[in-house]
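Single-letter residue listing:
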Amino acid sequence: MPKWEYKLIDSKNVKSSGLLKGRAPEDLEAYLNVLGEEGWEVVNLDFLELESRLSFVGVAKRAKG
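Only a predicted model underlies this, so the values are computations on that prediction, with no experimental measurement involved. (Residues numbered from 1 in each chain as written. Predicted model: local features only at pLDDT ≥ 70, side-chain atom pairs only at ≥ 80, totals over all residues. Heavy atoms only, no water.)

**Q** For this particular structure, what's the right way to read the environment of Tyr6?
**A** Mapping Tyr6 onto the fold places it in strand E1 (residues 4-10). Overall, the relative accessible area of 53% leaves Tyr6 in the exposed class. Tyr6 sits 54 residues away from Ala60 along the chain, and the two C-alpha atoms are 5.7 Å apart. Filtering out sequence-adjacent residues up to four positions away, Tyr6 remains in contact with Trp40, Val59, Ala60 and Lys61. (Helix = DSSP H or I, 4+ residues; strand = E, 2+ residues; numbered from the N terminus. Buried < 20%, exposed > 50% of the residue type's maximum accessible area, 1.4 Å probe, protein only. Contact = heavy atoms within 4.5 Å.)

**Q** When you look at helix H1 (residues 25-37) in this model, what are you seeing that I'm missing?
**A** Residue pairs spaced three or four apart in an α-helix point in one direction, given the helix's 3.6 residues per turn. Here H1 is 13 residues long and its end C-alpha atoms lie 18 Å apart, about the 18 Å a rise of 1.5 Å per residue gives. When H1 is considered as a whole, its buried residues turn out to be Leu28, Tyr31 and Leu35. Angularly, the buried residues of H1 cover 60° about the axis, an arc narrow enough to put them on a single face. For H1, exposure combined with an orientation more than 90 degrees from the buried face picks out Pro25, Glu26, Asn33 and Glu37. Downstream of H1 by a residue or two, Gly39 has a phi angle that is positive, lying close to 95°. (Expected span 1.5 Å × (residues − 1). Arc of directions from axis to C-beta.)

Rendered as structure tokens:
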């Protein structure tokens, strides 16, 4: 039976394009692609919208080993 490790992910960990601009979609994609390269698989994302800015929090997993 495989063993898993889990990671909480948050779009707040992505560099901001400025206080009022929020995070650019390509920066969010780059963040998720780095996680994928490290072997993380996103298993849940909750999107939040505040003042027309999109952000997310979620859970990723990868095989422990």
